Amino acid sequence: MSKGHVLALSGGVGGAKLAAGLAAVLPPERLTVVVNTGDDFEHLGLTICPDIDSVTYTMAGLNDRQRGWGVTGETWQAMASLKALGEADWFNLGDRDLGMHIARSWRLREGESLSKVTARLTQSLGIAHRVAPMSDDPVRTQVQTAAGWQDFQQWFVGDQCGPAVSAIRFAGTPGARPSAAFAEGLGRPDLAAVVFCPSNPFLSVDPILAVDGVHDALLGLSVPRIAVSPLIGGKALKGPLSKMLAELGLEASNRAITNHYGPLVDSLVIDRTDAHETAALQGGGHTVTVTDTLMRGPDDQSRLAREVLAAAGVEY
Ligand code: FO1
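Quick summary incoming for the structure in this document. Nothing here was measured: the structure is a model prediction, and the numbers come from that model.

Conventions used here
Within every chain, residues take consecutive numbers counted from 1 along the sequence as written. Totals for whole chains, interfaces and linings use every residue, but because this is a predicted model, local features are given only for residues with pLDDT of at least 70 and side-chain atom pairs only at 80 or more, for both listing and counting. Only hydrogens and water are removed before side-chain values are computed, so all heavy atoms of the structure are retained for them. Nine residue types can take part in a nonpolar core, namely buried Ala, Val, Leu, Ile, Met, Phe, Trp, Tyr and Cys, and a core is a set of them joined through side-chain atoms within 4.5 Å. Relative accessibility under 20% of the residue-type maximum defines a buried residue, over 50% an exposed one, and the middle range a partly exposed one, all with a 1.4 Å probe and only protein chains included. A contact between two residues is defined here by any heavy atoms of the two lying within 4.5 Å. Nearness is judged by heavy atoms alone; a residue qualifies as near a molecule or strand once a single heavy atom is within 4 Å of it. As used in this structure description, the phrase polar contact means that two N or O atoms lie within 3.5 Å; if the pair is within protein, one of them must be able to donate a hydrogen and the other to accept it, and residues adjacent in sequence are counted only when both atoms belong to side chains. Per-residue accessibility takes into account occlusion by the displayed protein chains alone, with areas from the Shrake-Rupley method and a 1.4 Å probe. The helix and strand labels rest on DSSP assignments: H or I over at least four residues marks a helix, E over at least two residues marks a strand, and numbering proceeds from the N terminus. Strand pairing follows a simple DSSP-based rule, namely that at least 2 bridges must link the two strands. The axes used here are C-alpha line fits, helices contributing only the stretch in contact, and every angle between their N-to-C directions lies in the interval 0 to 180 degrees. Orientation is classified from the angle alone, with under 35 degrees giving roughly parallel, over 145 giving roughly antiparallel, 65 to 115 giving roughly perpendicular, and any other angle giving oblique. Three categories are distinguished: nonpolar for Ala, Val, Leu, Ile, Met, Phe, Trp, Tyr, Cys and Pro, charged for Asp, Glu, Lys and Arg, and polar for the others, with Gly belonging to the last. Centres within 6.5 Å are what make two rings of Phe, Tyr or Trp a pair, Trp counting through its six-membered ring; a difference in plane orientation under 30 degrees is then read as stacked, over 60 as edge-to-face, and the rest as tilted.

**Considerations on the nonpolar core**
No. 1: Grouped together as the largest cluster of nonpolar side chains are 42 residues, with contacts concentrated most on L9, F182, V194, F196 and L218.
No. 2: Once you skip the residues sitting within four places of it in the chain, F182 turns out to touch L7, L9, V34, M134, I208 and V214.
No. 3: Among the nonpolar cores identified, the runner-up in size contains 34 residues, and A20, M59, L114 and I226 belong to it.

Here you go:
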């Protein structure tokens, strides 16, 4: 068992829950959470970083579990006012949440990097663990639909993920460099494992892998690289993954997940409802852990985190 550092790669909802679980069982000096910024966009003059928001709110215990994004106990007066003023109302910014976007946008405009702003905001909310964007350079996920290339949030929220996706690209890559915390995490001599959180591989993890040098750096590591599948019973709990797998002509199974990650991942954690896939996954050379991957609350989050760490041979 290693007592080293854990690097977690996370998107929004599911990834954020496991990140919070890891933070509950590892001390701050043993965890770095690197977050996708491909979903980021500029809206009403504000820089919105949805996955950093989800990770921050979840690690701070402020997330709205029902909605899946944003802050609990939210109110919507500012949105009602914006709507009355004839401004865009397709993307919902809650009154409490607005404070986050205003603080971030203000600090960025003052010249702080996204890394510095993220550290400032997470620490202000009492998060002791390191949360870092994948890059301080802007990366913007775009999807190709019958209507052409669209910005991610316009498709995800604006069109409710409706139009079929035929291709995905990450504007800004190549050319986006890993954030300092990400580069440091990848190069740590005491690195014990890399955890691919249960996020959408195409939309949430691929942007992280597209950052300059990351794919090769991960491949060159000799520590366990373990992914927690975002599928339960062959379906994603939330978000468009199931629909996207079908649209991309891929089967809705954990084999599709391991095929996608290829040699980047050597170990997979799957849900009990998908246990029948174990032999096929092992046949493909993966170490498989079967458990309950549904995270209903903080207890599940830390239980799953412990199981992931145990599977990766990391002491907690
Ligand atoms: N998701 C929605 O489905 N509708 C919204 O209006 C919405 C607003 C929003 C505001 C701030 C924020 O940080 C996230 C928000 N999300 C919203 C979630 C977000 O768009 C997606 O869940 C992620 O980008 C996918 O991981």
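**With respect to the site of the ligand**
No. 1: Taken together, 15 residues sit near the ligand, with D39, D51, D53, N92 and Q153 positioned nearest.
No. 2: In the model, an oxygen atom of the ligand is placed 3.0 Å from a nitrogen or oxygen of the D51 side chain.
No. 3: Note that an oxygen atom of the ligand is positioned 2.8 Å from one of the side-chain N or O atoms of Q153.
No. 4: Within the complex, the protein chains bury 90% of what would otherwise be the 530 Å² of accessible surface of the ligand.
No. 5: Considering each element in turn, the shell around the ligand owes the most residues, four residues, to helix α6 (residues 152-158).

**Let's talk about the sheet that holds strand β9 (residues 191-196)**
No. 1: A sheet is described by the order of its strands in space; here seven strands give the open sequence β5-β2-β1-β9-β10-β13-β14, paired in parallel fashion. Taken across any chain shown, the strands that pair with only one partner, and hence form the sheet edges, are β5 (130-133) and β14 (287-291). On average, adjacent strands in this sheet sit at an angle of 20 degrees to one another, irrespective of strand direction.
No. 2: Sheet analysis places strand β2 (residues 31-35) next to β5, joined by four bridges and oriented parallel. What sits directly across from V34, in β5, is A132.
No. 3: Sheet strands in contact with helix α7 (residues 180-187) are β1 (5-10), β2, β5 and β9, and its direction is about 130 degrees off that of β1.

**Quick look at the pairing of β1**
No. 1: In terms of residue burial, β1 counts as a mostly covered element, since six of its six residues are buried.
No. 2: Inspection of the sheet shows β1 paired to β9 by five bridges, in the parallel sense. Bridge pairing links L7 to V194 in β9.
No. 3: Alignment of β1 against β2, held across five bridges, turns out to be parallel. By the bridge assignment, A8 is partnered in β2 with V33.

**Digging into the environment of I208**
No. 1: With respect to the helices and strands, I208 occurs in helix α8 (residues 201-209).
No. 2: Placed 114 residues apart in sequence, I208 and G94 show a C-alpha to C-alpha distance of 27 Å.
No. 3: Ignoring any residue separated from it by four or fewer positions in sequence, one finds I208 in contact with L9, S10, V34, V35, N36, M134, F182 and V214.

**A few points about the packing of helix α1 (residues 13-25) against helix α13 (residues 298-311)**
No. 1: Orientation of α1 relative to α13, taken along the N-to-C sense of each, is 75 degrees, at an axis distance of 7 Å. It follows that α1 is roughly perpendicular to α13 by the angle criterion. The residues of α13 that touch α1, namely those facing K17, L18, A20, G21, L22, A24 and V25, are Q301, S302, L304, A305, R306, V308 and L309.
No. 2: For the contact of α1 with α13, the residue count by class is nine nonpolar, three polar and two charged.

**Quick notes on the packing of aromatic side chains**
No. 1: Scanning the model with the defined rule gives eight aromatic pairs in all.
No. 2: Between the aromatic rings of W90 and F91, the centroid separation amounts to 5.6 Å while the plane-to-plane angle is 65 degrees, which identifies the pairing as edge-to-face.
No. 3: Since its relative accessible area comes to 27%, W90 is described here as partly exposed.
No. 4: Owing to a relative accessible area of 9%, F91 belongs among the buried residues under this scheme.
No. 5: On the numbers, 6.4 Å between centres and 65 degrees between planes, the contact of W155 with F156 is edge-to-face.
No. 6: Assessed through its relative accessible area of 0%, W155 is described here as buried.

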